[in-house]
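Observations on the three-dimensional arrangement
Chain residues, written in single-letter form:
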Amino acid sequence: MCGIFGIITNQDISVGKIVFEGIRRLEYRGYDSCGIVSLTDSQLIVKKDSGKIDDIQKRIDLSDFPLSSKIALAHTRWATHGPPTKENSHPHLDCTSKIAVVHNGIIDNFIELREELSSNGHVFKSDTDTEVIPHLIEEFMKQNNNDLKGSLREALKKIKGSYALAACYAEDPESIIVARKESPLVIGIEEGKTTYCASDIPAFLPLTRSCYIMNDNEIAVLKSGEVEFFDRKTGQFIEKELQLIEWSIDAAEKGGYDHFMLKEIYEDPMALMRTMKISQRELSLLAHMLWSADNIYITAAGTSFYASLAGKFIITKFLGKYIHAIECSEFKNQLENSLKDNAIIIALSQSGETIDTIEAIRWAKKKKNIKIITVTNVVGSSLTRYSDKVIVTQAGPEIGVAATKTYVTQVLTLALIALEIAKLRRIETPEEIEKYYNALKSTPQIIEKFLNENVELINEIVKTLEKSVNFFFLARGISIATAKEGGLKLKEVACRFIEGYSAAHAKHGPISLVREGFPIIFVAPPDETYQRLIGNVMEFKSRGGKIISLVAEDDTKIANLSDMVIRIPQPSDKYHNIFSPITFTPALQLLAYYASISSNLDPDKPLNLSKTVTVH
Ligand code: G6P
């Protein structure tokens, strides 16, 4: 949930400035507080405070450290244990102020450890779980000849929970020690010169493209331009392969856009084009797996869950088997007594780090003969380690907290699997399948055209809705997923209350809220649900609802009933309709973005949210 960044170098560079920029690139992981520690002349200098990095920077220069300093660690926090105060900000130190730790994760047994350490005389300054780590290391330093790596290993034996952490010791200017369990950690390297550690690759991408991905239960010793990996439990040396990251730096930066969210919406088409290239062999393998499974579940959180709802619909159409879609946090609760054997779980996660998704599949795998197919955007993420098959969507790094381009690539990936199933089962003629493929291939152009031609219209709609705080997003069939995802975006970045709901079911309750001018957005592709949706539009219109409809290019019926119309430039045929969650959602992403701007909010940093949720 938090972000960590570290550097060790033998070059004449300002480590303060580098970690400051590095941690800023990780601010999407949490922005309750920020802190940096650097090691100079056997002393740890700490600067930290609560608030967003740029606001703190106005009060204290977080990047100003002596040039002789060759080690620095930084942290950006999403508060879990203790409020977002200066005291609770990382880095945390031991009693001697010689050991500093930055940490992302949760120490589950911190209360017991804290009590034990306190009774041994340790004094704590924060409410955090993290603070037990430097104190535990301090305990073991005495027995380990002040060896930081050995002491950290001992400390980690006592810790239950998850961590990506980095530690340094005032008396050792030659190394940083890092460790990972269930929270992400990557190492970037400029050989012979500088080594970085970070929660995510974009943090050091402008500095190096060479990186190592750490696995669970590994420890690494970082020296200037060198790194060595060890098994945390056995202490054995681990050989690791250096990876070359091909993402453009541009993709990890804001480019010419005001916000990452806007940039990433405009990257929808490119992300889809890249994802279209997922190997046919891989897809065909997944199609076979799903075809031979007796039971199929799909699970995820947030936007990924809404992508699951859309994907489940598309796969079911061609597979002819029911797919149980269950939110990951409810997976165990709902299936405790009914989880079936010979089953497959499709787990969707942009980050691959959502703890509830990881826990759901780990629980299921322990219980039954189950195979896991993971669809994620992050190579080497934790979820991939517990999976039998992994498909990586090609959205590229997504920095905006609200997921946008990763949503469309998730749905596309599931749609590609669905078409492989159609081929395998021969339930459609090759000509028909070709038409579905062509419709799928045309999705980037449809979105690009929409984004290029509709900014003015979207802003006009935003203006008319400026004063509205409550909205319904309604639809039928597959478009319920679009309504829920579009509504979620507006909720997240524009702070409005949204009910994303089935248009038919909305008359059993929600309709009682409708008064003159109440805004209702109908997602209305011309599919088999369209005729009945007309009736639902009329029900809400006749009660004074302000109708905004999202329709296909040549729509007349629902468009004529609407106060405002958003037209998606796509043909009205069954081949395109089934993929409408891909082509219709970007319009709602854009609506949410401009609604956020018109409300003077920061769409990249929605209140109380974090991009990667690693707590239950
Ligand atoms: C958080 C993010 C959402 C995301 C959800 C699931 O709530 O703010 O944007 O959809 O986590 O994350 P995942 O990485 O598993 O897709």
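All values reported here derive from a predicted model rather than from experimental measurement. (Residues numbered from 1 in each chain as written. Predicted model: local features only at pLDDT ≥ 70, side-chain atom pairs only at ≥ 80, totals over all residues. Heavy atoms only, no water.)

With respect to the overall build of the chain
Of the regular secondary structure elements, the chain holds 22 helices and 25 strands. Taking 616 residues into account, the globule formula puts the C-alpha radius of gyration at 25 Å, and the chain, at 25 Å, falls close to it. Expressed along its principal axes, the backbone C-alpha trace of the chain runs to roughly 80 × 50 × 45 Å. A total of about 23600 Å² of accessible surface is found on the chain, and carbon and sulfur atoms cover 49% of it. Taken together, the 72 basic and 79 acidic charged side chains of the chain have centroids lying 4 Å from each other. (Helix = DSSP H or I, 4+ residues; strand = E, 2+ residues; numbered from the N terminus. Rg over C-alpha atoms; globule rule 2.2 N^0.38 Å. Areas by Shrake-Rupley, 256 points an atom, 1.4 Å probe, with all protein chains shown as cover. Lys, Arg positive; Asp, Glu negative; His and termini not counted. Charge placed at Lys NZ, Arg CZ, Asp CG, Glu CD.)

Examining helix α9 (residues 280-292)
With 13 residues, α9 extends 18 Å between its outermost C-alpha atoms, agreeing within 8% with the 18 Å of an ideal straight helix rising 1.5 Å per residue. When α9 is considered as a whole, its buried residues turn out to be Leu-283, Leu-286, Ala-287, Met-289 and Leu-290. One side of α9 carries all its buried residues, which in axial view fall inside an arc of 160 degrees. Summarising the geometry of α9, the exposed residues directed more than 90 degrees from the buried face are Arg-281 and Ser-292. (Expected span 1.5 Å × (residues − 1). Buried < 20%, exposed > 50% of the residue type's maximum accessible area, 1.4 Å probe, protein only. Arc of directions from axis to C-beta.)

Re the packing of helix α10 (residues 302-319) against helix α14 (residues 405-425)
Where α10 contacts α14, the two axes come as close as 8 Å, and the packing angle between them is 15 degrees. Taken together, the axes of α10 and α14 lie roughly parallel to each other. Relative to α14, α10 is oriented so that their crossing is right-handed. Here Thr-303, Ser-304, Tyr-306, Ala-307, Ser-308, Ala-310, Gly-311, Ile-314, Ile-315, Phe-318 and Leu-319 of α10 come into contact with α14, specifically with Tyr-407, Gln-410, Val-411, Leu-414, Ala-415, Ala-418, Leu-419, Ile-421, Ala-422 and Arg-425. Across the contact of α10 with α14, the residue classes break down as 15 nonpolar, five polar and one charged. (Axes fitted to C-alpha atoms, helices over the stretch in contact; angles between N-to-C directions. Parallel < 35°, antiparallel > 145°, perpendicular 65-115°, else oblique. Left-handed = near helix turned anticlockwise from the far one by under 90°. Contact = heavy atoms within 4.5 Å. Nonpolar A, V, L, I, M, F, W, Y, C, P; charged D, E, K, R; others polar.)

Some details on the layout of surface pockets
In this model, the largest pocket occupies a volume close to 730 Å³. Every residue lining the largest pocket is counted, 37 residues in all, and those nearest its centre are Ala-301, Gly-302, Thr-303, Leu-488 and Glu-492. For the lining of the largest pocket, the secondary-structure elements that each account for two or more residues are α10, β18 (343-349), α12 (355-367), α18 (479-494) and β22 (497-502). Of the residues contributing to the lining of the largest pocket, the split by class is 16 nonpolar, 13 polar and eight charged. A domain split of the lining of the largest pocket shows at least three residues from each of domain 2 (257-441) and domain 3 (445-606). (1 Å grid on protein atoms, 1.4 Å probe; cavity = no way out; pocket = protein on both sides within 12 Å on 5 of 7 lines; lining within 4 Å. Points joined across faces, edges and corners; volume = space filled by probe spheres on them. Domains from an automatic or database assignment.)

Focus on the sheet that holds strand β19 (residues 370-376)
If you trace the five strands from one edge of the open sheet to the other, you get β17-β16-β18-β19-β20, paired in parallel fashion. The open sheet is flanked by β17 (323-327) and β20 (389-392), the only strands paired with a single partner. The sheet shows a mean angle of 20 degrees between the axes of neighbouring strands, taken without regard to direction. Relative to β18, strand β16 (residues 295-300) runs parallel, the two being bridged by five bridges. What sits directly across from Ile-296, in β18, is Ile-344. (Pairing = 2+ DSSP bridges.)

Some words on the sheet that holds strand β7 (residues 161-169)
Here seven strands make up an open sheet; going across it, the order is β5-β6-β7-β8-β12-β13-β14 and the pairing antiparallel. Edge strands, defined here as strands with exactly one partner in the open sheet, are β5 (92-93) and β14 (237-238). Bridging between strand β6 (residues 99-107) and β7 involves nine bridges; their strand directions are antiparallel. By the bridge assignment for β7, Ile-106 is matched with Ser-162. Its contacts with the sheet place helix α5 (residues 148-158) against β7, β8 (172-181), β12 (218-223) and β13 (226-231), and it is angled at close to 155 degrees to β7.

Structural notes on the domain arrangement of the chain
Considered domain by domain, the chain is made up of domain 1 (3-253), domain 2 (257-441) and domain 3 (445-606). Using only C-alpha atoms to locate each centre, domain 2 and domain 3 end up separated by 24 Å. Listed as interface residues are 35 residues of domain 2 and, on the opposing side, 35 residues of domain 3. For the pair domain 2 and domain 3, the summed buried surface comes to about 3100 Å²; carbon and sulfur atoms form 72% of the total. Its largest share of buried area at the contact with domain 3, domain 2 owes to Met-261, Tyr-266 and Tyr-306, together 18% of the area lost on that side. The interface formed by domain 2 and domain 3 includes one salt bridge. Where domain 2 meets domain 3, there are ten residue pairs in polar contact (both at pLDDT 80 or more). Contributing elements (two or more residues each) for the side of domain 2 that touches domain 3: α7 (260-266), α8 (268-275), α10, α14 and α15 (430-441). Residue contributions to the side of domain 2 that touches domain 3 peak at eight residues, all from α10. Considering only residue class, the side of domain 2 that touches domain 3 consists of 24 nonpolar, five polar and six charged. (Buried area = accessible area lost by both parts, 1.4 Å probe. Salt bridge = Lys/Arg side-chain N within 4 Å of Asp/Glu carboxyl O. Polar contact = N/O pair within 3.5 Å; in protein donor to acceptor, adjacent residues only side chain to side chain.)

As for empty space enclosed by the protein
Using the criterion set out here, one finds three cavities of 30 Å³ or more in the structure. Taken as a whole, the largest cavity encloses approximately 290 Å³ of empty space. Ser-199, Asp-200, Ile-201, Ser-351 and Val-378 are the residues nearest the centre of the largest cavity, which is lined by 28 residues in total. There are two domains that each give the lining of the largest cavity at least three residues, and those are domain 1 (3-253) and domain 2 (257-441). Of the voids in this model, the second largest cavity is the one considered here, and its volume is about 90 Å³.

Some details on the packing of aromatic side chains
Any two aromatic rings considered together are summarised by their centre-to-centre distance and by the angle between their planes. Per the stated rule, a full pass over the model turns up 15 aromatic pairs. Ring geometry for Tyr-196 and Phe-204: centres 6.3 Å apart, planes at 25 degrees, overall stacked. The same class applies to Tyr-196 and to Phe-204, which are both buried. Aromatic ring contacts, followed pair by pair, group Phe-318, Tyr-436, Tyr-575 and Phe-579 into a single cluster. When the ring centre of Tyr-386 is taken as origin, the NZ or CZ atom of Arg-362, which lies over that ring, is 4.3 Å away. (Phe/Tyr/Trp six-rings, centres within 6.5 Å; stacked < 30°, edge-to-face > 60°. Lys NZ or Arg CZ within 6 Å of the ring centre and 35° of its normal.)

A short note on the side chain of Ser-382
Here Ser-382 lies in helix α13 (residues 382-385). Residue classification places Ser-382 among the buried residues on the basis of a relative accessible area of 0%. Polar side-chain contacts of Ser-382 include one of 2.5 Å to the side chain of Glu-353. Other than its neighbours up to four places away in sequence, Ser-382 contacts Arg-180, Glu-182, Gly-352, Glu-353 and Ile-358.

A short note on the pattern of salt bridges
Here the structure, examined in full by the defined rule, presents 24 salt bridges. The residue Glu-485 makes a salt bridge to Lys-489 at a minimum N-O spacing of 2.7 Å. With Glu-485 and Lys-489 both in helix α18 and four residues apart, the pair spans about one turn of that helix. Considered together, Glu-485 and Lys-489 belong to a single accessibility category, that of buried residues. Put simply, Glu-21, Arg-24 and Asp-54 are held in one network by salt bridges that share partners.

Remarks on the side chain of Glu-428
Tracing the backbone through its elements, the reader meets Glu-428 in the loop between α14 and α15. At 4.7 Å, Lys-317 is the nearest oppositely charged side chain to Glu-428, a buried residue that forms no salt bridge. Contacts of Glu-428, omitting those with residues within four sequence positions, involve Phe-318, Ala-422, Ile-433 and Tyr-436.

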